[in-house]
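Residue strings, one per chain:
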Amino acid sequence: MQTDGPAPDRTPASRRSGGFSRRSFLKGASIAAVGGPAGAAATAGGAILTDAPRDTGTIPAGQLREIALRVNGVERRVAVETRTTLLDALRDGLDLTGTKKVCDRGACGACTVLVDGQPTNSCLMLAHDAVGREITTIEGLASDAALHPVQQAFVEHDALQCGFCTPGFVMSAVACLGKHGKPSPATLRHELAGNICRCGTYGRIFAAVQDAAGRAGR
Amino acid sequence: MRVISARSLDEALAALRDATAASRVLAGGTDLMVELAAGRTSPDLVVDVGAVPELRGIRPVDDGLWLGAGTTCTELLHSAAVTAHADLLAIAAREVGAAQIQNRATIGGNLGTASPAADLVPVLFALGAQVALRSATGARVLPVEDFVTGYRATARRPDELIEGIVVPPRPARELRAFRKVGTRRAQSIAKLVVALAIAADGGVVTAARIAAGAVADRTVRLTTLERALFEGLPPGGLADAVAASVAADTAPCDDVRSTARYRSTVLARVLVRLLAALPSC
Ligand SMILES: Cc1cc2nc3c(=O)[nH]c(=O)nc-3n(C[C@H](O)[C@H](O)[C@H](O)COP(=O)(O)OP(=O)(O)OC[C@H]3O[C@@H](n4cnc5c(N)ncnc54)[C@H](O)[C@@H]3O)c2cc1C
Ligand code: FES
Ligand code: FES
């Protein structure tokens, strides 16, 4: 049962420190962590370099640990708290901010990424849980030369207004086309039902995905 | 919050030896992560069983069909065995959240939360399922109705894991139906949900299990209606039997998703429609 009301701030204490923006601070922190133990110790929580711990032990809240995530085909190290979500690890830890944070509770699909090829709400998954799995984000779709066909179709169909829902829709659409090739309109609607567009661009989104399916020629 | 990522059933059970009432098992996380985000729970220990192979898998067993607790909704709706023996589960799984949720949400998690509005729980009631529990010290099996003990409350001890669910074999000529009423097709928690299984022989009802969700503090059986189907309908017919059962067996409330009045009215209507459509009633 969902309750209403404001969610508490899950941002680790180390990221709330005043004086600099959260993101610039984090960039500093991850660079420091890569620099070695001395640099790591300089981060607020005192990051410990370990492999993905199977038992986190009793790490105090706010203390960071480094884990390895395989994102868009590349192994990346990122400092997280025990309870950090995959979404926060991607956005705040790895600066992959294409994945959007809207509801933070599984209801909107803006945070959709592919985990081992399956569309997944990254806000509902612990970063720890994503260790050893193949994660694909919106940043991983385009090649240097070209956008992914679904991205290209979104551009051509002008399938967005504010664009906040777009990365999630694109990821769900990519998964849907991977699974169904040329989905029927009903199948497409079913597969995209976990994504919400507050601007109501659904018509264009469905048209873009159908078009991309046709072009991919699957 | 200590997180232990178990890689085997034994590891998970060993980790749960230290569990307290505040500890939580983590499967797909589609309930637990929301509770964590909302600050509604702060567990001392989280045992992540998402990668425990023994909790996966659907296979025939002597007393029916075994569904590992870690079976996801996506797996339920693509399983030929589930479609053949427990089709209502596949139908209900398709209505849990949407693709992203179905890919993670497990049947064990649906039971573990025991939300009164859960979609799979009433189906397990209607199918007469058994819940297999295991701890480091032993194992036991409970009928699903004894497993759910109250509002989001279950008979599970903190050191126990839901290992799996056994759905008994499908009786001949059993008619089944599932109906969920929500604000929209996908991604909405039920305003009310009904699952039923009725066996009939030559127009005579020989077994009936009718369950409803989101109309009381927990999933309930509509026993008054079941009895009326066995013993003969009252003079007012099906509508009266349904009304009597809704009054006696449910206790709906007003909440964010609906009102008590809506729930009673629509529950009665859904039941009359489902039962009238069954050939034998
Ligand atoms: C956007 C959204 C939409 C949803 N829509 C629906 C819906 O339409 N219908 C519906 O019924 N539900 C819905 N849910 C709720 C949820 O998806 C289901 O209840 C799901 O089945 C929970 O499974 P899980 O594996 O994700 O559970 P988790 O969150 O991992 O666990 C849930 C609970 O069960 C316990 N648990 C899990 N596995 C075990 C085990 N093996 N042994 C012992 N305890 C265990 C956990 O400790 C926890 O208390 C929705 C959730 C979200 C976020
Ligand atoms: S931010 Fe994850 S579903 Fe809305
Ligand atoms: S374009 Fe604004 S939410 Fe979809």
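To keep things clear, this report deals only with the structure shown in the data block. (Residues numbered from 1 in each chain as written. Chains lettered and ligands numbered in written order. Predicted model: local features only at pLDDT ≥ 70, side-chain atom pairs only at ≥ 80, totals over all residues. Heavy atoms only, no water.)

**What about the overall build of chain B?**
So, step 1. Broken down by element type, chain B carries 12 helices and 14 strands.
So, step 2. The C-alpha atoms of chain B give a radius of gyration of 19 Å, which matches the 19 Å a tight globule of 281 residues would have.
So, step 3. Each of the three principal axes of chain B carries a C-alpha extent, and together these read 60 × 45 × 30 Å.
So, step 4. The burial tally for chain B puts 57% of its 281 residues in the buried class.
So, step 5. Within chain B, contacts between residues separated by at least 24 positions form 59% of all contacts whose residues are at least 6 apart in sequence.
So, step 6. One finds the centroid of the 31 positive side-chain charges in chain B at a distance of 6 Å from the centroid of its 28 negative side-chain charges. (Helix = DSSP H or I, 4+ residues; strand = E, 2+ residues; numbered from the N terminus. Rg over C-alpha atoms; globule rule 2.2 N^0.38 Å. Buried < 20%, exposed > 50% of the residue type's maximum accessible area, 1.4 Å probe, protein only. Contact = heavy atoms within 4.5 Å. Lys, Arg positive; Asp, Glu negative; His and termini not counted. Charge placed at Lys NZ, Arg CZ, Asp CG, Glu CD.)

**As for the interface of chain B and chain A**
So, step 1. If you look at the interface, chain B gives 41 residues, while chain A gives 39 residues.
So, step 2. Per-residue buried area on chain B facing chain A is highest for B:Met33, B:Gln100 and B:Arg104; these three make up 20% of the total on that side.
So, step 3. Along the contact surface separating chain B from chain A lie 1 salt bridge.
So, step 4. Here A:Asp129 ties to B:Arg104 by a salt bridge, and the two come within 3.3 Å at their closest N and O atoms.
So, step 5. Viewed at the interface, chain A and chain B are joined by 5 residue pairs in polar contact (both at pLDDT 80 or more).
So, step 6. Those elements that provide at least two residues to the side of chain B that touches chain A are strand S1 (2-5), helix H2 (32-37), helix H3 (73-78) and helix H6 (99-104) of chain B.
So, step 7. Take the side of chain B that touches chain A: its biggest share by element is 6 residues, from H6(B).
So, step 8. Of the residues belonging to the side of chain B that touches chain A, the class tally is 17 nonpolar, 13 polar and 11 charged. (Buried area = accessible area lost by both parts, 1.4 Å probe. Salt bridge = Lys/Arg side-chain N within 4 Å of Asp/Glu carboxyl O. Polar contact = N/O pair within 3.5 Å; in protein donor to acceptor, adjacent residues only side chain to side chain. Nonpolar A, V, L, I, M, F, W, Y, C, P; charged D, E, K, R; others polar.)

**Re the sheet that holds strand S12 (residues 192-201) of chain B**
Residue and element names in this part refer to chain B.
So, step 1. Across the sheet, which stays open at both edges, the 4 strands sit in the order S11-S12-S13-S14 with antiparallel pairing between neighbours. Looking at the sheet topology across the chains shown, the edges are occupied by strand S11 (174-181) and strand S14 (220-221).
So, step 2. Relative to S14, strand S13 (residues 204-213) is paired through 2 bridges, and the arrangement is antiparallel. Pairing of Ala211 across the sheet is with Arg221, part of S14.
So, step 3. Running over the sheet, helix H12 (residues 260-277) touches S11, S12 and S13 and is turned about 30° from S12. (Pairing = 2+ DSSP bridges. Axes fitted to C-alpha atoms, helices over the stretch in contact; angles between N-to-C directions.)

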